[in-house]
Amino acid sequence: MKKIAVIGSGTMGNGIAHVFAQHGHSVHLIDLKAEFLEKALQTITKNLDRQVSKELISEDAKQEAIQRITTTTDLTEGVKDADLVVEAATENMNIKLDLFRQLDEICPAKTILATNTSSISITKIAAVTNRASQVIGMHFMNPVPVMKLVEVIRGYATSDEVTNEIMDLASNLSKEPVEVNDYPGFVANRILMPMINEAIYSLFEGVAGVQEIDTVMKLGMAHPMGPLQLADFIGLDVCLSILKVLHDGFGNPKYAPCPLLVNMVEAGFKGVKTGEGFYKYTKGSKELVVSHRFLKK
């Protein structure tokens, strides 16, 4: 599979495009607006520059990777000759279902359709197409150029041939693919999100403060960042969305989102992307400052 189309040029989409291009694939990066694509190319260039400065790649390799990426706002043009389409659009069920209906109509019969969803059912997405055996999940981790894991999620009808092809492809991207079956949250988020939710409940119920909770998990469990900081990094709206998928999918109250998380998202405090969540984020600063809303009066 040499020709790859990536739909969505946000944090995940530009990271996925970066990795494919760096490993020799021709990439069409697709989004709704030209300014989104311009920003994505700037981010990819900056991240490649970082790899050059760390002597992970050469300057020539960086330039070759950039030259392999073309951008377009025309979905049909972007996917018309793709061997693989990786959808990395907003984590919204209706948006994804609409996209896959369109992709099924306009992509060649050979094209494999993959989604980077972190929680939405692959089986449900595949069901709106006439090629369910060729629909699969490729759940990359953020930041994509750095993180090794790719969850490869088989829908109910995904073929062995397609699964094996995607597993091999992910390995060729210098990733560690792990095959999992299609159940709510897959493996990563089925385990991660209840932990984050419990950390938020611990704050909500006054067990400890933000820094205290994160310090316990960093120093006691050897996590590189605490669960509340990680929630800010992921996006509190994304965390809430995944917990809702888990709660709806299993019907188990243990997955019910903490009321504090619900309130924060409704109020617009979504973490790093909005400048404030459990911590405040100042552009250009890596210092962690607890939001004043969680400081003891």
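Residues numbered from 1 in each chain as written. Predicted model: local features only at pLDDT ≥ 70, side-chain atom pairs only at ≥ 80, totals over all residues. Heavy atoms only, no water.

1. Digging into the overall build of the protein chain
Thinking step 1. In terms of regular secondary structure, the protein chain is built from 12 helices and 10 strands.
Thinking step 2. Put simply, the protein chain has 297 residues, and 46% of those count as buried.
Thinking step 3. Across the protein chain, the fraction of contacts at a sequence separation of at least 24, relative to all contacts at a separation of at least 6, is 65%.
Thinking step 4. Carbon together with sulfur atoms contributes 53% to the accessible area of the protein chain, which is approximately 14800 Å² in total.
Thinking step 5. Distance between charge centroids for the protein chain: 5 Å, based on 30 positive and 35 negative side chains. (Helix = DSSP H or I, 4+ residues; strand = E, 2+ residues; numbered from the N terminus. Buried < 20%, exposed > 50% of the residue type's maximum accessible area, 1.4 Å probe, protein only. Contact = heavy atoms within 4.5 Å. Areas by Shrake-Rupley, 256 points an atom, 1.4 Å probe, with all protein chains shown as cover. Lys, Arg positive; Asp, Glu negative; His and termini not counted. Charge placed at Lys NZ, Arg CZ, Asp CG, Glu CD.)

2. Considering the nonpolar core
Thinking step 1. Counting 34 residues, the largest nonpolar core has Phe20, Leu84, Phe140 and Ile166 as its most contacted members.
Thinking step 2. Element by element, the count of residues in this core is highest for helix α1 (residues 11-22), at 6 residues.
Thinking step 3. In contact with isoleucine 166, not counting residues within four places along its chain, are Met1, Leu84, Ile112, Ile136, Met138 and Val152. (Core = buried A, V, L, I, M, F, W, Y, C linked by side-chain atoms within 4.5 Å.)

3. A closer look at the packing of α1 against helix α2 (residues 34-53)
Thinking step 1. For the pair α1 and α2, interaxial distance at closest approach is 10 Å and the crossing angle is 55 degrees. In terms of orientation, α1 and α2 fall into the oblique class. For the pair α1 and α2, the sense of crossing is right-handed. Residue-level inspection shows Asn14, Ala17, His18 and Gln22 of α1 in contact with α2, the latter providing Ala40, Thr43, Ile44, Asn47, Leu48 and Gln51.
Thinking step 2. Per-class residue counts for the contact of α1 with α2 are 4 nonpolar, 6 polar and no charged. (Axes fitted to C-alpha atoms, helices over the stretch in contact; angles between N-to-C directions. Parallel < 35°, antiparallel > 145°, perpendicular 65-115°, else oblique. Left-handed = near helix turned anticlockwise from the far one by under 90°. Nonpolar A, V, L, I, M, F, W, Y, C, P; charged D, E, K, R; others polar.)

4. Here's the deal with the layout of surface pockets
The gaps left among the atoms become clear once a water-sized probe is rolled over them.
Thinking step 1. Each pocket or cavity is described by its volume, and for the second largest pocket that value is around 220 Å³.
Thinking step 2. As for the second largest pocket, its lining consists of 12 residues, of which Gly209, Val210, Glu212, Phe294 and Lys296 are closest to the centre.
Thinking step 3. Residue classes in the lining of the second largest pocket are distributed as 6 nonpolar, 3 polar and 3 charged. (1 Å grid on protein atoms, 1.4 Å probe; cavity = no way out; pocket = protein on both sides within 12 Å on 5 of 7 lines; lining within 4 Å. Points joined across faces, edges and corners; volume = space filled by probe spheres on them.)

5. Side note on the packing of aromatic side chains
Thinking step 1. Under the definition given, this model contains 4 aromatic pairs.
Thinking step 2. Here tyrosine 201 and phenylalanine 204 contribute two aromatic rings whose centre-to-centre distance is 6.3 Å and whose plane-to-plane angle is 70 degrees, an arrangement assigned as edge-to-face. In this pair, tyrosine 201 and phenylalanine 204 are both assigned in helix α8 (residues 188-204), 3 residues apart and thus about one turn of the helix distant.
Thinking step 3. A residue is classified by how much of its surface remains accessible, and tyrosine 201, at 22% relative accessible area, is partly exposed. (Phe/Tyr/Trp six-rings, centres within 6.5 Å; stacked < 30°, edge-to-face > 60°.)

6. Quick notes on the UniProt feature "site: Important for catalytic activity" (unreviewed entry) in the protein chain
Thinking step 1. Here, UniProt's "site: Important for catalytic activity" (unreviewed entry) annotation points to His139.
Thinking step 2. You can see histidine 139 is positioned in strand β6 (residues 135-140).
Thinking step 3. Since its relative accessible area comes to 7%, histidine 139 is described here as buried.
Thinking step 4. Apart from the residues within four sequence positions on either side, histidine 139 is in contact with Thr115, Asn116, Thr117, Ser118, Leu149, Val150, Glu151, Ile153 and Asn189.
Thinking step 5. A polar contact of 2.8 Å, which involves the side chain of histidine 139, links it to the side chain of glutamate 151. (UniProt positions renumbered as here; feature names shortened; annotations may be inferred. Polar contact = N/O pair within 3.5 Å; in protein donor to acceptor, adjacent residues only side chain to side chain.)

7. Topic: the domain arrangement of the protein chain
Thinking step 1. Each domain of the protein chain was delimited in the assignment, giving domain 1 (3-181) and domain 2 (191-294).
Thinking step 2. Domain 1 and domain 2 are separated by 27 Å when their C-alpha centres are compared.
Thinking step 3. Listed per partner, the contact involves 5 residues of domain 1 and 4 residues of domain 2.
Thinking step 4. Taking both sides of the interface into account, the surface hidden between domain 1 and domain 2 amounts to around 380 Å²; carbon and sulfur atoms contribute 62%.
Thinking step 5. Among the residues domain 1 hides against domain 2, the three largest losses belong to Glu91, Ser119 and Asn142. Together they make up 73% of the total.
Thinking step 6. Counting across the domain 1 and domain 2 interface gives 0 residue pairs in polar contact (both at pLDDT 80 or more).
Thinking step 7. For the side of domain 1 that touches domain 2, the per-class residue count stands at 1 nonpolar, 3 polar and 1 charged. (Domains from an automatic or database assignment. Buried area = accessible area lost by both parts, 1.4 Å probe.)

8. A few points about the pattern of salt bridges
Thinking step 1. This structure, assessed with the given rule, holds 14 salt bridges.
Thinking step 2. Here aspartate 160 and arginine 154 are joined by a salt bridge, their closest N and O atoms 2.7 Å apart.
Thinking step 3. Taking the shortest distance from any N to any O, the salt bridge between lysine 273 and aspartate 237 comes out at 2.9 Å. Pair noted here: lysine 273 is in the loop between α12 (259-267) and β9 (279-280) and aspartate 237 is in helix α11 (residues 236-250), with a separation of 36 residues, a long-range link. (Salt bridge = Lys/Arg side-chain N within 4 Å of Asp/Glu carboxyl O.)

9. Remarks on the sheet that holds strand β2 (residues 26-30)
Thinking step 1. Reading across the sheet, the 8 strands line up as β3-β2-β1-β4-β5-β6-β7-β8 and stay open at both edges, with mixed pairing between neighbours. In the strand order of this sheet, the two ends are held by β3 (69-72) and β8 (176-181), each with one partner. Each strand axis lies, on average, 25 degrees off the axis of its neighbour in the sheet, ignoring direction.
Thinking step 2. Where strand β1 (residues 3-7) lies against strand β4 (residues 84-87), 4 bridges are found, and the strand directions are parallel. Along β4, the bridge assignment pairs alanine 5 with valine 85.
Thinking step 3. Those strands touched by α1 are β1, β2, β3, β4 and β6, and its axis lies near 170 degrees from that of β2. (Pairing = 2+ DSSP bridges.)

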